[in-house]
Structures are given as C-alpha cells and as structure tokens.
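This is what each chain is made of:
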Amino acid sequence: MQLDRAFLRLIAIVAFTAALPCRGEDVISGRWEGSAQIPDEEITVVVDLAQENGAWVGSIIVPGFDVKGVPLSDIAVKQPDVSFSVKGPLGIRMKLRLDGNGKMTGNFEQAGNVAPTSLQKTGPPQVEYPPRNTPVAKELEGEWKGDYQMLGYTRHVSIKFTNRGPDGATVEFVIVGRRTNNLPVDLVTQEGDLVTVDSRGIGFSFEGRLKEGKLSGAIRQGAVETPLQLERAK
Amino acid sequence: MNGLPIGVLLAIFFATTAISAQSMFRGDAMHSGQYGGPAPRQFHRVKWKFPTGDRVISSPVFKDNVIYFGGDDGNVYAVDAASGRQIWKRTTNGPVPATPAIANGTVYVGSYDGKFYALDAKTGALKWKFATEGERRFEAKGIHGWQPKDQTIADPFDIFLSSPVVANGAVYFGSGDGNLYALDSTTGDLRWKFKTGDVVHASPALANDILFFGGWDSYFYAVDATTGKEKWRFHAGEDPLIHNQVGFQSSPVVANGVVYTGCRDSNLYALDAATGKEKWKFFNDLSWVITSPAVAEGKVFFATSDSSLYHVVDANSGKSVVRQQAKAYMFSSPAIVGDVVFIGVLNGTLEARDTKSGELLWDFQVDASKRNNGWVLTAERKFNDPFLYYSSWREAPIVANDKQIRIGGIFSSPLVVNGVVYFGSADGFLYALE
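## As for the overall build of chain B
Line of reasoning, step 1. Of regular secondary structure, chain B possesses four helices and 35 strands.
Line of reasoning, step 2. Whereas a compact globule of 434 residues would reach a radius of gyration of roughly 22 Å, chain B reaches 20 Å, a difference of no more than 12%.
Line of reasoning, step 3. Structurally, chain B occupies a C-alpha span of about 75 × 50 × 45 Å along its principal axes.
Line of reasoning, step 4. Sequence separation of 24 or more characterises 50% of the internal contacts of chain B that already satisfy a separation of 6 or more.
Line of reasoning, step 5. Summed over all atoms, the accessible surface of chain B reaches about 15900 Å², with 50% contributed by carbon and sulfur.
Line of reasoning, step 6. With 41 positive and 43 negative side-chain charges, chain B shows a separation of 3 Å between the mean positions of the two kinds.

## Thoughts on the packing of aromatic side chains
All names here are of chain B.
Line of reasoning, step 1. Within the structure shown, the criterion is met by 41 aromatic pairs over all chains.
Line of reasoning, step 2. Both rings, one in tryptophan 375 and one in phenylalanine 387, keep their centres 5.8 Å apart while their planes meet at 45°; by these two values the pair is tilted. With tryptophan 375 in the loop between α2 (367-371) and α3 (385-388) and phenylalanine 387 in helix α3, this residue pair connects regions lying 12 residues apart in the sequence. Of the two residues, tryptophan 375 and phenylalanine 387, both sit in the buried class.
Line of reasoning, step 3. Members of the aromatic cluster, joined through ring pairs, are Phe43, Phe342, Trp362, Phe364, Phe423, Phe429 and Tyr431.
Line of reasoning, step 4. Geometry around phenylalanine 429 places lysine 49 over its ring, the cationic atom sitting 4.4 Å from the centre.
Line of reasoning, step 5. Its guanidinium or amino end placed over the ring of tyrosine 219, arginine 233 lies 5.1 Å from that ring's centre, counting from NZ or CZ.

## Thoughts on the confidence of the model for chain B
Line of reasoning, step 1. Scored by pLDDT, chain B comes out at a mean of 93, with 95% of its residues at no less than 70.
Line of reasoning, step 2. Of the regions scoring below 50 in pLDDT, residues 1-20 of chain B engages in five contacts with residues more than four places distant in sequence or in other chains.

## So, the pairing of strand β28 (residues 320-325) of chain B
All names here are of chain B.
Line of reasoning, step 1. Taken together, the five bridges between strand β27 (residues 309-314) and β28 define a ladder with antiparallel strand orientation. From the neighbouring strand, tyrosine 310 faces β28, where its bridge partner is glutamine 324.
Line of reasoning, step 2. The hairpin turn running from β27 into β28, its antiparallel successor, is five residues long, and glycine 318 in that turn takes a positive phi close to 80°.

## Observations regarding the interface of chain B and chain A
Line of reasoning, step 1. Taken together, the contact between chain B and chain A spans 24 residues of the former and 29 residues of the latter.
Line of reasoning, step 2. Across the interface of chain B and chain A, roughly 2200 Å² is buried in total on both sides, 64% from carbon and sulfur atoms.
Line of reasoning, step 3. Its largest share of buried area at the contact with chain A, chain B owes to B:Trp375, B:Phe387 and B:Tyr390, together 31% of the area lost on that side.
Line of reasoning, step 4. Between chain B and chain A we count two salt bridges in total.
Line of reasoning, step 5. A:Arg179 serves as the salt-bridge partner of B:Asp285, at 2.6 Å between the closest nitrogen and oxygen.
Line of reasoning, step 6. For the interface between chain B and chain A, the tally reads seven residue pairs in polar contact (both at pLDDT 80 or more).
Line of reasoning, step 7. Residue composition of the side of chain B that touches chain A, grouped by class: 10 nonpolar, 10 polar and four charged.

How each quantity is defined
Residues numbered from 1 in each chain as written. Chains lettered and ligands numbered in written order. Predicted model: local features only at pLDDT ≥ 70, side-chain atom pairs only at ≥ 80, totals over all residues. Heavy atoms only, no water. Helix = DSSP H or I, 4+ residues; strand = E, 2+ residues; numbered from the N terminus. Rg over C-alpha atoms; globule rule 2.2 N^0.38 Å. Contact = heavy atoms within 4.5 Å. Areas by Shrake-Rupley, 256 points an atom, 1.4 Å probe, with all protein chains shown as cover. Lys, Arg positive; Asp, Glu negative; His and termini not counted. Charge placed at Lys NZ, Arg CZ, Asp CG, Glu CD. Phe/Tyr/Trp six-rings, centres within 6.5 Å; stacked < 30°, edge-to-face > 60°. Buried < 20%, exposed > 50% of the residue type's maximum accessible area, 1.4 Å probe, protein only. Lys NZ or Arg CZ within 6 Å of the ring centre and 35° of its normal. pLDDT = per-residue confidence, 0-100. Pairing = 2+ DSSP bridges. Buried area = accessible area lost by both parts, 1.4 Å probe. Salt bridge = Lys/Arg side-chain N within 4 Å of Asp/Glu carboxyl O. Polar contact = N/O pair within 3.5 Å; in protein donor to acceptor, adjacent residues only side chain to side chain. Nonpolar A, V, L, I, M, F, W, Y, C, P; charged D, E, K, R; others polar.

In structure tokens form, the structure reads like this:
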C-alpha cells in the first residue's frame, strides 16, 4: 500500500514535470494573436517572437492602426514573464505572463493608459525585419543643400551622406525653419538612381534622383509632398 | 422735471446693460467676452445637467431666467436657468452649432439646414425664417495633408455656425454661402447681403455702425451696417499647399478703436478699426487661433489649438503678459468674470483660471472624458494623437476627429450668470456648475 502511494507520487511528479517547459525549451517563440480590451473598443494584436543567436527578436502587427511588422524593442523573456516595447509615435509596452493553458495574458500600455490583453499562440514566428541602409554612390557622398516652402514659410534643408562600409550609408538630415531640427534617420537607400532618406518617427522623408549634378525630388511631411532640389554645398 | 434722479436712471441703465450683455454670443455686440456678477473661484457642485440628442457646440445665452442654446440634434432649446428643466424646444432640419441672440422677445439663430430662424422666446413658435443660399463647411483639396490630396474634403474642424448680432432693427450673421446677411429683425426681410470669397462662420462684431468679421477666404472685412458697403478689408495668410494655415474662424472683439481677431494662419491680429491697418500680430507657431479673444483691463485673452496655450497679451503692444500650458486644444472662447476667466478645453474639461496669473483655480471634467472611450486621451488628459490620427487616408482622419469630439470636447464658450457657469459639451449635455 505504501509502495503504491510512493509510486503514484512518482507518477504525478513525472507527469507534472513533463507538462512544464524544460529549461531552455522555447515555448515563447511563435506567432501570438489576441486582443487588448480598451474602453469601448477591442484592439487586435499579432506578435511574432523568435530567438536568433541566443537573442530575442520580434515584430508586431496592430491592424487598423497602421502598425505592420514594426520591430519590438527591449524584449525581456524570463519565463513565464515576457515584456517588450514598440518604439515610435504609438509607444506601446506589453507585459505578459505565460499561463498553464498556453496563453499569454497581461497588460497593453500606451500613453499611460493600461488595458488587459490576452494572446494565444497560433503558429511559428513570422518576424519581420526592418529594411537596412544601403551604400550610396560615391558622387552622392558629402553635403547637399536646398530650400522649400511649406505652411507659408521657407525651410532650409541639409542632407549629408557618409558611406559606412557594410552598414551602408548614414545621413545627417537637418531642416531649419523657425528652429533647427536634426531629424533622426531610420533608413537610407539607393535603388538605381533613386535615393530615399526616411525619418519615419517624425514623418519626414526625402526622395530624389541625381541629375546633372543636382539631387532633384520631393520632401514629404506626413502626407504633404512638395518639390525639393538639392545642390552640393559649397 | 419730475423724473427719476440721475443715479437711479444710471442704475437702471447699467442693470439693463448687464442683462442684455448675456443675451448674445460673447455677451454683447462688440463681443467683449466679459460678464457681470460674482466670479466663482471655487467649484462646489454640478447644479444640473441637461441632456440633448447630440453634441452641444453652441454657447448658451441668458434672458429673463431662461438659458437658450442650439443642439447638433437640430433643436433650439429654452431651459429654466434655475432648475435645468426644458421650457420648449424647436426643431430645425439641421444641426445648430450657432449661438442664439435674444432681443425683443425673439430668439435668432441659424441652422445647418440653410435657414435662419426667428422664434418666440417664450414659446419657441416660429415668427419667421429666411432661406440663405445654402449652408456648407469650408472645404479644400487635400486639406491638412489628408489624402487623396487632389480630392476636395470638407474640414471637420469648421465646427461652428455664425452667431447673429442684433442691433438697429436688424439681425446680422454670416453663412456658408459666403454672404454676410442683414435682415429686418421684425419681418426677416433682406436689407442687404455682402458677398465674400468663401464660407463665413465667424460671428460679426458691431461697433459704431460698422460690422467686423473674417471669412474662410482669409480676408477680414469692415462693412457699413446700414448700407452693407465695404469700408476696408485686410488680407491674412494663405496656405495653397494644404489649406491648413488659412481663414478666419475666430470671431472678433472690438475695444477702444481696435479690432482683435484670431486666425487659422496662427496669428492673433490687432487691426485699426477705422482703417484696417495692422497694429500688431502675435504669432503662435503654426497653431490656430480659433477662440474669439476677450478684452479686459487693457489685455487680450485668447488660447490656441495645437500648442494648447492660454495667452494674455497687452492690448496696445501685443507683448505677452501671461502664458500657461493647457492639456488640449482650445476652440472655446474665454469668458471673463471679475478676476476669473473660464474656458472650455477639447479634452472635455472646463477650466477656471486667475485673470492676473493665468493659474488654474479649478477644473471640471465631464463624464465622457473620464470614460476615455477608445483611448482618445492619454493618462494625462492630452490628446492621444498617434492613436487617433494614425492614417491620413480615406475617412480615417474624419473618424478620428469625430472620436476626439465625442470625448465631450467643450467648444461652447462659457456663460456666467449669478455665479453659475453654463456651457455645452460635445457629450450632448448642457452643464450648470456652481
């Protein structure tokens, strides 16, 4: 009888431990879908999490809020707790805990507001990676300057390209209106003769082509586009 | 002469002035924005709140213990000022985001149905109505940078209708058809109309038989009230790219021979009333000035939209005297009562500030704002813009604007009578606070 009880206890322990994720077993990697319950509205959230070379990477989709494949930052996984941020204008933070039913529940935080959220794994991760800077042509390197009119006054633009080897080019993007704005640049690419400089965080971009020694194109601020011709700074 | 002593006559005159100074938009024909009586420096309670069927953008006015206002549910309301009970309502065929004027036992107000109404103040019965050439909002291609940029989009921020001024046996008001109208206040017959280049939704101010008003064509006009002939015009800023920094939505105030008006080109202008010459302008860094300024004790009180700043500037020089940061856009016009200034904020808060320091004395948040449906507001009660205006495509910005308004935004300019503060909210209620 005592043997039976000990045997049953052993079976129970084995069964319980088998149900727990092993140390190192990756139950967090995957596509997680669910929602956040904000007052009078439900926000759909799709999160992709994966491990790469021992580090966590991820991206998020929030349909209806123009958030698609935005990279996750500050990912912290300490099972059963998972947290991450989404940088940019929305500024989302999610703090989740994996429960025994394979769900992650917790908080969806934005602008100081907090809502309950619940995510369910629906498949393997489909992490999206942000596009990377490319090098620019040698003749583009250096500083370019030009002016444009928007909202009733003139703004002066300076774009300075520097090639950084395998990391592609970097750009200093400065707009001087009533004050001087050093725009943080997220992406610099050159495809053929088309050059793009993106400052997505604050909604500015420049797109132009090098023709006859001038960089001709347009600057966008949000949805507003206006022509801009840059000339090499003297 | 067996008349009353001069002191008694003066007392009667000022008492009459004080009462009539609550019966039209901004208090009087010159739009001073000043009200008599005690100034509530502390908030005690909600005296009553009156529900309507839609948002209340109109500002309340007061006459003979009755509050009158328009509702976006299409009704004009008369409500007992003491109890908040409805006395009558009169249905029009369009929203009424205009402030009525009360004179000669008549309520005058325009509706988005394109008609201008004269109603019996006691019963709401129709005395006459006048058909304008039609009401519409300001519109432009790709307005505010919204897309498609080559498509004409109506401006959802063009939220008010022109509030009438009654004087000289006439009623004066602007219209979406681009006209400023002068009608006979008794019969509703047209005396004259003055054509501008675009929508006129500002309320004209009247001083020395001259009407002053601005239009969405970005011109500010001075027009002879008797003849309808133009005296002068002043051209403000243009914005051909996205039509964001253009047009007069603010209603002017006239004081000491100077006209003060806000403009969407982000300036507050001080213009010589006789010539239209610019005396000074106060630039607000691309932030609209929608509020109608108030003038008291040599100072001009106004507020801004995007930068959400409450300003007091010197009326002679335009130099800043007080600058206070609020939490959200202000379209509501400041009401000055003694040493307190009241202003509505679009986050659903009414603010009471000290006139001298501009410091917040108290505020009142409507329930819809507290609920914060759809997270329109941040936890700090600021507009959660990235959550609202995440797309400039299709109807997204229009829907965002509607959500923003439904948080209970206070566009209505407060009215203060006997220490009670009355104002409308886009949550659909008219509030009385004491």
